[in-house]
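Chain by chain, the residues:
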Amino acid sequence: MDRIQEYLQKIDEVIANGKFKDNWESLSQFQIPSWYRAQRFGVFIHWGVFSVPACESEWYPRLMYKMGTRSNLHHLKKYGKGFEYRNFIELFKPEKFDADEWVELFKRSGARYIMPVGEHHDGVKLYESDLNRWNMMALNGRDYMAELHAACDRAGLGFLMSNHRAEHFWFFNGARKFYPDSEVARNEYPDLYGPAYMPPSGNIDKTDQEITPTKEYLEDWLASACEMIDRNQPLGVYFDWWIQKNEFRPYVKKFLAYYYNRGLEWGKEVCVFYKWGAIFDGCAVFDVERGQINGVARELWQNDTSIAKNSWGYTEGNAFKPAAEIIRNMIEVVSKNGCYMLNVGPKPDGTICREEKEVLCRIGDWLAVNGEAIYGSTPFEVCASEGKESKNGAFKESKKFSSKNFCFTTKPGKIYVFPMGSKLPAKLRIHSLRHANEGGIRYQLKGVRILGQQGNLPYVQNEKYLEIDLGAKRVNEIPMCICVDVD
């Protein structure tokens, strides 16, 4: 019996002996972890061999073999036709990587947990593995996930991981189509490049319509994902897209049952993040990539986005969002019962670029003052926000806010108001805090104040609005938070 089959047998045994079984009825017993419900903000980390070429995006391993793309043209000019993706592995020598230094920065940002990529679409594992030789411990003698986990434990941060192996089934298929002399096309190093499956039509991008993973690959995916959690014991696991394919469903159920049972054995509250319809409602945490929902979710959900607009990994041409935009995005997510996962893309040498450091520190400064309205908060019962609604769905985060936009969170006896406009009038009128049985509040107001500032603000409440007097027009580049104390 080979190692994959041995692991599959182990998975079945854990499920047979555990509380969670591989069916939706059993998996619906899943409870969102209390730590995740309270902590709300984490840092995603896309870093690996794909960071070495530092061009276009973390999809460089695929795009370098896709004729005519920016990555392909860059690759031919800088490295030449015969330079394979395998050769980049030899160049990934992050001698400046310091796990404690990273974690110190992430803690400074106000993040309460981190989620590095354990394995991306390129199939290279950043942790030690017995199932595949293309792992960093075997390749250069370091287990970067183990180092980060240990640093998180020392600093009191939670450690999560993401797994993107599903798409590895077809990720390198451009090499089959455009480069018949490549290692992929010659079926060399199949344990690195994967099947590189070619769709019948020859259109390599018909990943949903024409590509169906084989039983052998699905078993490899399941065993690899379960080995990842056994070796690293993360508090959460994020899966990228493609696991929503019907063929993955029984294997996804097995993973969930195995992981949730392992969490019980470890004495840890664990969770899984998924996109689209990959997992039945209530059996894991729903994730929206670079987007929003247009209401308050019944249960906790997650937004994952990146500081860079164009890439999740490091590139030399990254365009970065300002801290103000990111903080507004975070506020809106949390107001809708969401948690915020913000990505950084470290350089291949193991350092984090200046622009991302500056953004993280500005977020940390803001949370040091306003964090009480984020951590452990809950949605406002009247509404999450007032003013223009956001578009619902992924890849929709370019919303513009006016002085009439407000977001809300609450804690017992407190309603937190975030004016979202970058410029504010001297008097704010908030209709959702008017005196009313419905669409307003009936609480007794005890005071209105800006977090981080002394003294209360004058206010008037009537049946139309709560008017708060700021004293003068204000620049609100990074949103202030107004706390309304009530009884």
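Since the structure is predicted, the reported quantities are computational estimates derived from the model, not experimental observations. (Residues numbered from 1 in each chain as written. Predicted model: local features only at pLDDT ≥ 70, side-chain atom pairs only at ≥ 80, totals over all residues. Heavy atoms only, no water.)

(A) Region of the structure containing the packing of aromatic side chains. On inspection of all chains with the given rule, the structure shows 49 aromatic pairs. Considering the side-chain rings of Phe169 and Tyr217, the 5.0 Å spacing of their centres and the 55° angle between planes classify their relative orientation as tilted. Placement of the pair is Phe169 in the loop between strand S4 (161-163) and helix H10 (173-178) and Tyr217 in helix H12 (residues 215-232), with a sequence separation of 48 residues. Taken individually, Phe169 and Tyr217 each receive the classification buried, so the pair is uniform in this respect. (Phe/Tyr/Trp six-rings, centres within 6.5 Å; stacked < 30°, edge-to-face > 60°. Helix = DSSP H or I, 4+ residues; strand = E, 2+ residues; numbered from the N terminus. Buried < 20%, exposed > 50% of the residue type's maximum accessible area, 1.4 Å probe, protein only.)

(B) Broad picture of the sheet that holds strand S10 (residues 385-386). Taking strand neighbours across the sheet as the criterion, the five strands line up as S10-S11-S12-S19-S15 in an open arrangement whose pairing is antiparallel. In the strand order of this sheet, the two ends are held by S10 and strand S15 (445-450), each with one partner. Of the strands in this sheet, strand S11 (406-411) and strand S12 (414-419) are in contact with helix H14 (residues 323-335), which crosses S11 at around 55°. (Pairing = 2+ DSSP bridges. Contact = heavy atoms within 4.5 Å. Axes fitted to C-alpha atoms, helices over the stretch in contact; angles between N-to-C directions.)

(C) Looking closely at the side chain of Glu84. You can see Glu84 is positioned in the loop between helix H5 (70-78) and helix H6 (85-89). Despite being buried, Glu84 has no salt bridge partner; Arg186 is the closest side chain of opposite charge, sitting 5.0 Å away. Polar side-chain contacts of Glu84 include one of 2.6 Å to the side chain of Tyr65. Beyond its immediate stretch of four places on either side in the chain, Glu84 contacts Met64, Tyr65, Asp181, Ser182, Glu183 and Tyr193. (Lys, Arg positive; Asp, Glu negative; His and termini not counted. Salt bridge = Lys/Arg side-chain N within 4 Å of Asp/Glu carboxyl O. Polar contact = N/O pair within 3.5 Å; in protein donor to acceptor, adjacent residues only side chain to side chain.)

(D) Geometry of the sheet that holds strand S14 (residues 427-430). Taken together, three strands build an open sheet; the order of strands is S14-S17-S16 and the sheet is antiparallel. In the strand order of this sheet, the two ends are held by S14 and strand S16 (459-461), each with one partner. If you compare each strand with its neighbour and ignore which way they point, the axes differ by 15° on average. Two elements, S16 and strand S17 (residues 466-469), share three bridges in a ladder whose sense is antiparallel. Paired with Gln461 across the strands is Leu466, a residue of S17.

(E) Summary view of the nonpolar core. Ranked by size, the top nonpolar core spans 141 residues in total, and within it Phe106, Trp221, Phe255, Tyr260, Ile279 and Phe418 carry the most contacts. Looking at which element gives the most residues to this core, the answer is H12, with nine residues. Setting aside residues no more than four positions away along its own chain, Phe106 makes contact with Val43, Ile45, Ala111, Ile114, Leu157, Val344, Ile352 and Leu360. The next biggest cluster of nonpolar side chains, apart from the first, holds 22 residues, and it includes Cys383, Ile430, Ile441 and Ile482. (Core = buried A, V, L, I, M, F, W, Y, C linked by side-chain atoms within 4.5 Å.)

(F) Highlighting the environment of Phe44. With respect to the secondary-structure elements, Phe44 resides in strand S1 (residues 41-45). Under the relative-accessibility criterion, Phe44 is labelled buried at 1%. For Phe44 and Gly440, which are 396 residues apart along the polypeptide, the C-alpha to C-alpha distance reads 37 Å. With sequence-adjacent residues up to four places away left out, Phe44 is seen in contact with Met115, Val117, Ser162, His164, Tyr238, Asp304, Trp312, Met341, Leu342, Asn343 and Val344.

(G) Main features of helix H1 (residues 3-17). Compared with an ideal rise of 1.5 Å per residue, which puts 15 residues at 21 Å, H1 spans 21 Å between its outermost C-alpha atoms and is within 8% of the ideal. Listing the buried residues of H1 in full gives Ile4, Tyr7, Leu8, Ile11, Val14 and Ile15. For H1, the buried positions fall inside an angular range of 125° around the axis, keeping them on one side. Those residues of H1 that are exposed and angled more than 90 degrees off the buried face are Ala16 and Asn17. Summarising the contacts, the buried residues of H1 are in contact with H12 and helix H13 (249-266). Two or three places before Ile4, at the opening of H1, Asp2 has a side-chain oxygen 3.2 Å from that residue's backbone nitrogen. (Expected span 1.5 Å × (residues − 1). Arc of directions from axis to C-beta.)

(H) Focus on the pairing of strand S5 (residues 236-239). Side chains Gly236 and Tyr238 project from S5 onto one buried face, and the interleaved Val237 and Phe239 project onto a second face that is buried too. Here S5 pairs with strand S6 (residues 271-274) via three bridges, running parallel. Across the sheet, the residue bridging to Val237 is Val272, located in S6. In this region the chain leaves S5, passes through H13 and returns to the parallel neighbour S6; the handedness of that crossover is right-handed. (Right-handed = clockwise from strand over helix to strand, strands pointing away.)

(I) Broad picture of unusual backbone geometry. We note that Arg40 has phi near 70°; this positive angle belongs to a residue other than glycine. As for its placement among the helices and strands, Arg40 is situated in the loop between helix H3 (34-39) and S1. Its identity as a non-glycine residue notwithstanding, Ala196 has a phi of 50°, on the positive side. Of note, Ala196 is situated in the loop between helix H11 (190-193) and H12.

(J) Main features of helix H7 (residues 99-108). Taken together, the buried positions of H7 are occupied by Ala99, Trp102, Val103, Leu105 and Phe106. Mapping the buried residues of H7 onto a view down its axis gives an arc of 160°, with all of them on the same face. Packed against the buried residues of H7 are S1, strand S2 (113-119), helix H9 (144-155), strand S9 (338-344) and helix H15 (354-370). Put simply, Asp98 is the residue that caps the front of H7, since its side-chain oxygen is 3.0 Å from the backbone nitrogen of Asp100. One or two positions beyond H7, positive phi appears at Gly110, with a value near 95°.

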